[in-house]
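This is what each chain is made of:
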Amino acid sequence: MQRSLSSYAAIGDSFAEGMGDERPDGTPRGWADLVAQGIAAAAAGPVTYANLAIRGRLLAPLLDEQLEPAIALRPDLLSISGGNNDLIRARVSVAAVTARLEAAIDRAVASGAEVVFVTVANMTRNLPAGRLVEGRGNQFASAIRQWASKDHVTVVDNWSDEELMELRYWSPDKLHLNALGHRRVAGNVLAALEVPLPPFPEELPPEVVRQSRAAYWREHVLPWIGRRLTGRSSGDGREPKRATLQPVDLPWSSRTP
């Protein structure tokens with residue numbers, strides 16, 4: 001992509017919100033924040049960034065709540081990631097999910113934005129029932145890859161990034177990327193946008209201490225099942241972390257040449 005970018009907005013679920021890559025104060029950072037920093041580092045002028053993503057959102061409420069507010073910000077670049085929570089439900093129509101996402105992408109392009117669709121990384125090797133989810137994910141990713149032929153659309157296929165399947169990129173819940181994983185996704189997105197990788201600070205996450213099977217189920221799987229049975233979401237009551245376009249602050253002193 002050669003177009004100069006001065007504003008960027010992201011919509012999505014926990015993947016775009018940045019869960020697994022928490023700052024010392026507990027707030028999520030994540031790949032979208034890092035992409036915003038990369039764009040700002042390479043830009044000749046100021047860059048603004050908004051992130052409307054909220055964890056736990058299924059695709060329908062995600063698009064209903066976030067798409068039009070993001071378009072109303074009139075960003076040069078809009079990243080979309082979603083459908084991930086639908087794929088891990090007991091029942092889902094992958095065709096219906098992809099059709100709704102394609103309509104959202106077409107709507108965003110019609111608004112004048114450059115659109116980048118960012119697929120989630122493949123977490124299934126380490127998850128219970130991972131084989132079922134992987135089959136759906138493969139079907140989902142295959143459909144998404146076809147959108148790369150659309151004008152003003154860039155597809156970033158993290159699902160097929162085999163290195164991201166390694167356990168060292170994942171949080172203890174094995175569902176969300178850790179800081180190292182989010183950094184790799186940011187690199188994939190910036191490369192697809194033809195934006196130079198900035199000098200991210202060399203702050204890597206501490207080595208993840210893997211839990212016993214019993215502890216993993218107790219702390220991560222059973223609470224997730226409980227929310228499903230009671231119709232609750234991890235995002236209930238949460239507001240977007242950055243609902244308006246705000247200037248991007250760079251955590252280093254100099255811009256890239």
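Computed from a predicted structure; not experimentally measured.

### A short note on the overall build of the chain
Scanning the chain from N- to C-terminus turns up eight helices and six strands. For the chain, the N- to C-terminal ordering of α and β elements is β-α-α-β-α-β-α-α-β-α-β-α-α-β. Sorting the 257 residues of the chain into buried and exposed places 50% on the buried side. Considering only contacts within the chain whose residues lie at least 6 apart along the sequence, 77% involve residues at least 24 apart. Accessible area of the chain: about 12000 Å², with a carbon and sulfur share of 52%.

### Observations regarding the sheet that holds strand β3 (residues 77-80)
Taken in spatial order, the six strands make up an open sheet running β5-β4-β3-β1-β2-β6, and their pairing is mixed. The two strands at the open ends of the sheet, each matched to only one other strand, are β5 (153-156) and β6 (242-247). Going from strand to strand, the sheet's axes swing by 15° on average, the running direction of each strand aside. Pairing of strand β4 (residues 114-118) with β5, which is carried by four bridges, proceeds in the parallel orientation. Residue pairing for β5: V118 is matched across the bridge by V156.

### With respect to the packing of helix α2 (residues 31-42) against helix α7 (residues 179-192)
A pair of packed helices is characterised by two quantities: the angle between their axes and the separation of those axes. Taken N-terminus to C-terminus, the directions of α2 and α7 make an angle of 45°; their axes are 8 Å apart at the nearest point. On the basis of their axis angle, the class for α2 and α7 is oblique. Taken as a pair, α2 and α7 cross one another with a handedness that is right-handed. Contacts between α2 and α7 pair W31, L34, V35, G38 and I39 from the former with H182, R183, V185, A186, V189 and L190 from the latter. Taken together, the residues of the contact of α2 with α7 sort by class into eight nonpolar, two polar and one charged.

### Some thoughts on the packing of helix α5 (residues 94-110) against helix α6 (residues 130-145)
Two elements in contact, α5 and α6, have axes whose closest approach is 10 Å; the angle formed by their N-to-C orientations is 30°. In terms of their interaxial angle, α5 and α6 are classed as roughly parallel. Regarding α5 and α6, the two cross each other, and that crossing is right-handed. On α6, the residues touching V94, V97, T98 and L101 of α5 are R136, Q139, F140 and A143. Here the residues of the contact of α5 with α6 are counted per class, giving five nonpolar, two polar and one charged.

### Some remarks on α6
Its 16 residues give α6 an end-to-end C-alpha distance of 22 Å, which sits within 8% of 22 Å, the value for a rise of 1.5 Å per residue. Among the residues of α6, those classed as buried are G130, V133, R136, G137, F140, A141 and I144. Angular distribution of buried residues about the axis of α6 spans 135°; they occupy a single face of the element. In this structure, α6 carries R131 and L132 as exposed residues pointing more than 90 degrees from its buried face.

Cut-offs used in this document
Residues numbered from 1 in each chain as written. Predicted model: local features only at pLDDT ≥ 70, side-chain atom pairs only at ≥ 80, totals over all residues. Heavy atoms only, no water. Helix = DSSP H or I, 4+ residues; strand = E, 2+ residues; numbered from the N terminus. Buried < 20%, exposed > 50% of the residue type's maximum accessible area, 1.4 Å probe, protein only. Contact = heavy atoms within 4.5 Å. Areas by Shrake-Rupley, 256 points an atom, 1.4 Å probe, with all protein chains shown as cover. Pairing = 2+ DSSP bridges. Axes fitted to C-alpha atoms, helices over the stretch in contact; angles between N-to-C directions. Parallel < 35°, antiparallel > 145°, perpendicular 65-115°, else oblique. Left-handed = near helix turned anticlockwise from the far one by under 90°. Nonpolar A, V, L, I, M, F, W, Y, C, P; charged D, E, K, R; others polar. Expected span 1.5 Å × (residues − 1). Arc of directions from axis to C-beta.

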